[in-house]
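Chain residues, written in single-letter form:
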Amino acid sequence: MVTPAQAPAVVTEPTAGSTRRRRGLTGNLLFFRNRKTVIGLVILGFFTVLALIGDLIAPYDPSLPSEVGLQPPSADHWLGTTLLGQDILSQILVGTRGVLFVGLLAGLLAAVLSVLVGVTAGFLGGIGDEGLSLLSNIFLVIPALPLIIIVAGLLPDAGGLTVALIIALTGWAWGARVLRAQTLSLRRRDFIEAARANGESTWRIIVFEILPNLTAVIASGFIGTVIFAILSEITLAFMGVTNISEWNWGTILFWAQSNQALALGAWWWFVPAGLCIAAVGTALTLINFGIDEFVNPRLRTTGKNAKILRARRIRARVGFTPVYRGTGKEQS
Amino acid sequence: MRYLLRRAAFYLLTAWAAITLNFLIPRMLPGDPVRSLIARFQGRISVEATESLYILFGLDEQKSLWQQYLDYWGNLLSGNLGLSFAYFPTPVVDIIEQSLPWTLALVGLSTILSFVLGTMLGVWVGWRRGTWADGLLPVTNFLSAIPYFWIGLIAIAVFAVAWPIFPASGGFDPGLIPSATPEFIGSAIYHGLLPAFTIVISSVAGWILGMRNMMVTVSSEDYVTVAHAKGLPERRVMIGYAARNAVLPNVSGFALSLGFIVGGTLVTEMVFTYPGIGYMLFQAVGAKDYPLMQGFFLIITLSVLVANMLADIAYAVLDPRTRQEG
Amino acid sequence: MTGEPVLEIRNLSVEYGYDADAVRVLRDVNLTLHAGEVLGLAGESGCGKSTLAYAATRLLPPPGIITGGEVVFTSTRDDRRYDLLTATDDELRATRWEDTAIVFQGAMNSLNPVYRIGRQLTDAISAHRPEQSARQRRDRAAELLDMVGIPADRLRSYPHQLSGGMRQRVMIAMALALEPQLVIMDEPTTALDVVMQRQILQQLADLRTRLGFSVVFITHDVSLLIELADRIAVMYAGEIVEDATASQMYRTPRHPYTDGLLHSFPPLHGPRQELGGIPGAPPDLMSLPRGCTFAPRCRVALDRCRDERPALTATAFADREPHRRVACFQHEREAAAIPPSLTVM
Ligand SMILES: Nc1ncnc2c1ncn2[C@@H]1O[C@H](COP(=O)(O)OP(=O)(O)OP(=O)(O)O)[C@@H](O)[C@H]1O
Ligand SMILES: [Mg+2]
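Just so it is clear, the structure is predicted and the values come from calculations on it, not from any experiment.

Caption draft 1: Spatial organisation of the overall build of chain B. Each helix and strand in chain B was counted, giving 13 helices and zero strands. When its helices and strands are written in sequence order, chain B yields α-α-α-α-α-α-α-α-α-α-α-α-α. Its C-alpha atoms give chain B principal-axis dimensions of about 80 × 55 × 35 Å. The 326 residues of chain B split such that 58% are buried. In chain B, of all internal contacts separated by at least 6 residues, the share reaching a separation of at least 24 is 73%. Counting 18 positive and 19 negative side-chain charges, chain B places the centres of these two groups 12 Å from one another.

Caption draft 2: Representation of the overall build of chain C within the structure. Secondary structure summary: chain C contains ten helices and twelve strands in total. Computed over C-alpha atoms, the radius of gyration of chain C comes to 21 Å, within 12% of the 20 Å expected from 2.2 N^0.38 for 345 residues, which places it in the range of a compact globule. Overall, the C-alpha framework of chain C stretches about 65 × 40 × 40 Å when taken along its three principal axes. Looking at chain C as a whole, 60% of its 345 residues qualify as buried. Considering only intrachain contacts with a sequence separation of at least 6, the fraction spanning at least 24 residues in chain C is 67%. Surface exposure of chain C reaches about 13600 Å², of which carbon and sulfur atoms provide 51%. Side-chain charges of chain C comprise 38 positive and 44 negative groups, with the mean position of each set lying 4 Å from the other.

Caption draft 3: Focus on the packing of aromatic side chains. Summed over all chains, the structure comprises 26 aromatic pairs over all chains. Seen from their ring centres, F46 of chain A and F47 of chain A are 5.3 Å apart, and the 75° between their planes marks the pair as edge-to-face. Classification of F47 of chain A by relative accessible area gives buried; the value is 6%. With a centroid separation of 4.1 Å and an interplanar angle of 5°, the aromatic rings of F238 of chain A and F149 of chain B are classed as stacked. Here the residue F238 of chain A occupies a position in helix α11 (residues 215-239), and F149 of chain B occupies one in helix α7 (residues 148-162), the pair thus bridging two chains. With respect to burial, F238 of chain A and F149 of chain B carry one shared label: buried. Put simply, the rings of F23, W66, Y69 and Y72 of chain B pair up and form one aromatic cluster. Positioned above the aromatic ring of F320 of chain A is the side chain of R96 of chain C, whose terminal nitrogen or guanidinium carbon lies 4.6 Å from the ring centre. Directly above the ring of F329 of chain C sits R304 of chain C, whose terminal nitrogen or CZ lies 3.6 Å from the centroid.

Caption draft 4: Up close: the interface of chain C and chain A. Taken together, the contacts link 28 residues of chain C with 21 residues of chain A. When chain C packs against chain A, the two sides together hide about 2200 Å² of surface, and 46% of this comes from carbon and sulfur. Where chain C meets chain A, there are one salt bridge. Put simply, D89 of chain C and R317 of chain A hold a salt bridge, and the shortest N to O gap is 2.7 Å. Considered class by class, the residues forming the side of chain C that touches chain A number eleven nonpolar, five polar and twelve charged.

Caption draft 5: Spatial organisation of the confidence of the model for chain B. Mean pLDDT over chain B stands at 85; residues scoring 70 or higher make up 98%. When the elements of chain B are averaged for pLDDT, helix α2 (residues 32-40) of chain B gives the smallest value, 71, and helix α9 (residues 222-229) of chain B the largest, 93.

Caption draft 6: Spotlight on the UniProt feature "domain: ABC transmembrane type-1" (unreviewed entry) in chain B. Listed under "domain: ABC transmembrane type-1" (unreviewed entry) in the UniProt record, and renumbered for this structure, are residues 100-311 of chain B. Its end C-alpha atoms 20 Å apart, residues 100-311 of chain B is made of 79% helix and 0% strand.

Caption draft 7: Region of the structure containing the domain arrangement of chain C. Residues and elements named next belong to chain C. Considered domain by domain, chain C is made up of domain 1 (5-236) and domain 2 (262-342). Contact residues are listed per partner, giving 22 residues for domain 1 and 20 residues for domain 2. Here domain 1 packs against domain 2, burying approximately 1800 Å² in sum over the two surfaces, 60% of which is carbon and sulfur. Three residues, R27, E44 and Y236, lead the burial of domain 1 against domain 2; their summed loss comes to 35% of the area buried on that side. One can count one salt bridge joining domain 1 with domain 2. Notably, a salt bridge pairs E44 with R297, separated by 3.0 Å at the nearest N-O pair. Applying the counting criterion to the domain 1 and domain 2 interface returns three residue pairs in polar contact (both at pLDDT 80 or more). Of all the secondary-structure elements, those providing two or more residues to the side of domain 1 that touches domain 2 are β2 (23-34), α6 (194-211) and α7 (222-228). Examining the composition of the side of domain 1 that touches domain 2, we find that six residues originate from one element, β2, more than from any other.

Caption draft 8: Seen up close, the site of ligand 1. All names here are of chain C. For ligand 1, the set of nearby residues contains 15 residues, the closest of which are S45, K49, S50, T51 and Q105. Between C47 and ligand 1, the recorded distance is 3.3 Å, taken from a backbone N or O atom to an oxygen atom. Measuring from an oxygen atom of ligand 1, one finds a side-chain N or O atom of E187 at 2.9 Å. With the chains in place, 66% of the 630 Å² that ligand 1 exposes on its own is no longer accessible. For the shell around ligand 1, the element with the most residues is helix α1 (residues 49-56), which contributes three residues.

Caption draft 9: Structural context of the interface of chain A and chain B. Counting residues at the interface gives 61 residues for chain A and 68 residues for chain B. For the pair chain A and chain B, the summed buried surface comes to about 5900 Å²; carbon and sulfur atoms form 75% of the total. In this assembly, chain A and chain B are joined by zero salt bridges. Across the chain A-chain B interface, the total number found is two residue pairs in polar contact (both at pLDDT 80 or more). Of all the secondary structure elements, the ones that give two or more residues to the side of chain A that touches chain B are α1 (8-12), α5 (126-141), α6 (144-154), α8 (173-187), α11, α12 (249-258) and α13 (267-295) of chain A. If you tally residues by element for the side of chain A that touches chain B, the top one is α13 of chain A, at twelve residues. For the side of chain A that touches chain B, a count of residues per class yields 41 nonpolar, 14 polar and six charged.

Caption draft 10: Main features of the sheet that holds strand β12 (residues 325-326) of chain C. Residue and element names in this part refer to chain C. Read from one edge to the other, the open sheet built from eight strands follows the order β6-β7-β8-β3-β9-β10-β12-β11, with strand pairing classed as mixed. Each end of this open sheet is capped by a strand with a single partner; those strands are β6 (100-103) and β11 (313-314). In this structure, β6 lies alongside strand β7 (residues 182-186), joined through four bridges in parallel fashion. Its bridge partner lying in β7, I102 is registered against I184.

Caption draft 11: Expanded view of the pattern of salt bridges. Tallied over the entire structure, the rule returns 26 salt bridges over all chains. Of the charged contacts in the structure, one is a salt bridge between D312 of chain B and R7 of chain B, with a shortest N-O distance of 2.7 Å. Linking D312 of chain B in helix α12 (residues 290-318) with R7 of chain B in helix α1 (residues 2-28), this pair joins segments that are 305 residues apart in sequence. Several salt bridges share partner residues, and in doing so they unite E8, R10, E70 and R81 of chain C into one network.

Rules and cut-offs
- Residues numbered from 1 in each chain as written.
- Chains lettered and ligands numbered in written order.
- Predicted model: local features only at pLDDT ≥ 70, side-chain atom pairs only at ≥ 80, totals over all residues.
- Heavy atoms only, no water.
- Helix = DSSP H or I, 4+ residues; strand = E, 2+ residues; numbered from the N terminus.
- Buried < 20%, exposed > 50% of the residue type's maximum accessible area, 1.4 Å probe, protein only.
- Contact = heavy atoms within 4.5 Å.
- Lys, Arg positive; Asp, Glu negative; His and termini not counted.
- Charge placed at Lys NZ, Arg CZ, Asp CG, Glu CD.
- Rg over C-alpha atoms; globule rule 2.2 N^0.38 Å.
- Areas by Shrake-Rupley, 256 points an atom, 1.4 Å probe, with all protein chains shown as cover.
- Phe/Tyr/Trp six-rings, centres within 6.5 Å; stacked < 30°, edge-to-face > 60°.
- Lys NZ or Arg CZ within 6 Å of the ring centre and 35° of its normal.
- Buried area = accessible area lost by both parts, 1.4 Å probe.
- Salt bridge = Lys/Arg side-chain N within 4 Å of Asp/Glu carboxyl O.
- Nonpolar A, V, L, I, M, F, W, Y, C, P; charged D, E, K, R; others polar.
- pLDDT = per-residue confidence, 0-100.
- UniProt positions renumbered as here; feature names shortened; annotations may be inferred.
- Domains from an automatic or database assignment.
- Polar contact = N/O pair within 3.5 Å; in protein donor to acceptor, adjacent residues only side chain to side chain.
- Near = heavy atom within 4 Å.
- Pairing = 2+ DSSP bridges.

Structural data, given as structure tokens:
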């Protein structure tokens, strides 16, 4: 699972990225030229399309039992069937929407919350900052998943919307923490100081000077929360905490588990859903790495550089500068 | 010292917040399901037990919220978390007492193992950046994007069903009675291996990536260059200068991630029917056993807080700047 | 003054980045340092002084890459000459700190924050002199601290417990741990206040008289070098443009850039880039002018200067000043010919 530990690069490097210069068109293009980002976006795009048209292209009704019973993949049922003879491919196709909907909604809400708390804390300083940081630290330390399980468990038949709300309410803290650190470092930059000296209002400064510079961090926090939300949602569905009549990939796994799919050797029942989760998760992490490398250039010996270095058998490293005689670079 | 005191104050505050949250949640949600459950046990349940459940869930409308809060604390401090519905009439505290050691052993050990292993691999991958060691990254990428429980399912399918070398479920051989005999301990370890392996595999990727990134960042610090300039052996530079500093943010990351990791590992227990908190929580959810769910949330949060505190102490030991003010 | 050559840098070229992104930061730099000499390296910020120091010791971090030349060190320790650019990692490790020690620019970050000062002083000794006992190493560390005027009980301090000046002096002490032949100092005093700066420089001068090592001293502050250095090399946009003894440099600067530097007396601290004496800004290393790199800012530049790049060669007065080199077509004109307006103060 994705842990916040993957993010410290962004936290410890508040100065490196997202300066004004980076905001230009070339900067954005650079981001989209990153191979990781592109792969991530393509996979995510594929699943987004499935989410939109999944129920239209699904060959069967996902809930409809049939007499075929438990069958491995075949020409009729590409991903096989469940014990009740339901088509697993259809379940996956129909379930995609629920997964992405909850993930994106929760991510969005959490991103809004984390911007509100993080940027305000970073910008205010003083008591307000202390209070808000304390609040986000408390939310960080309290284990979110058990809390979500309790709340969802107490609510009878929690549906997708409820789950998204609960996840957002518990999952905003990490983003707020990172944003606060970034805002703090931005606040001391010249152009913010200048805007303040010019008597621009706090809101104007936050909206027009600070937020645009936090785009990368907000995006990375958003994606992190989406991953967390998707994993939580699927876990909840797998545990049967949420409404099991709403199809998503977790529900499939719930039925697989409660029908002993493992003992029956019915790998097709739980492998495809898991691979889909992994694919979406990987896509999102790849996009986040793209953002990370965009923000923190030290992490990037860009693919191109790495290739050149490999081709020439140069190992770029600290402490022993490589000597390479005869590069093509002309004396300019 | 001041650092640790400040952290201790923070944990006390967080514990208070978690307990209060636990108090408030059932009061903000519809109380009818609990009421109907209590009604179902009517007659079998003693008057005091009913009262403690009323306190737990705020069903007594005569009392002010404040009075309820005080009663709640009173209950809590006397170790009364109500009775479990699913295992009626076992007190929640007893169930926690039974299952906590299993979770502490499994989750605690495998999380630490995963952290140590991941950190070491991260040191190595970060130090050898630009070599084939980078090839490990896509794998960790993929692993970090999969929910723990699914890796558990696959592990069972492969190592317990298709190629049965490990038991698929349980914490010990059902023929044995829990005791401190070597036979029982051996069986417990044997049953714990596959879940532990699952937890390590699913969480190690995060540590590798985090540590690798920190190594890359720290390697370009001046003091690492100075270490090279001094002609120190490579291992000494890598461990004593780069890794020694890079591990600091990783340790605080460890503390902050515990909440996330514990959530994931609890579900792993569920998959393996492991007799720890996670599996019992799952049972409680299935049986709509609200008192048990609440009790588990408290104990999980408090354990995470204690683990956090230990991580903070480790941090203080590792970083001289937190020890002395200067 | 000039003894045997210790460090000979020949045609050293350095780039940052690879292929299309590469910036050539040093172009065929030639410089020789002799035994017992203090060589000052001066120039505006960004001209490549640090790059030269790091490249010559193979400590330049990625994406730096050395693309040509040789750096020959003559070691009196074991009477050996070796080229640092062809040395293997192990050879480099064995010679580092024994032959050449470095005090880095911004010593604030040069100390490992999690180790005590004592450990950082002794670990170089234990790496190179494994035969010494822990006790000997400790005594040596205390002696080193004493040399730079820090009480020995500071050995047990962590870097964050020391002031900036103390950390700087610890770095100097550390550099002297193995009595190297050459100490490279990259702006060792820039971050300090004037009093501290004077004090450290005085100590350094004393230590040098006592121990007799050679020094490469890097700074923006030419006026400081005039006092401190035996010889000064002036860098501009990745090249050495003038190389002369301190007194020659002071009395008759032959390159217009040197002259500008001499007359600009940058403030000891405060904004570092501003050099009042020279109008304009250094060129972009990505797109250097075709001729002399200084021509666009030069008050005496002719058409030839804009077309052809002058090489660093002996001056027209080679009989009077044998070891002097300058890269300027106009160096023969008397210094007075430079319009007084250039020497704004
Ligand atoms: N990592 C890098 N990538 C690209 N260019 C770099 C890099 N590091 C330094 N440079 C360029 O190399 C040139 C020389 O830098 P260097 O640090 O050697 O200058 P300097 O003379 O030491 O300056 P200062 O007096 O400010 O220390 C500068 O123009 C700088 O822009
Ligand atoms: Mg420099």
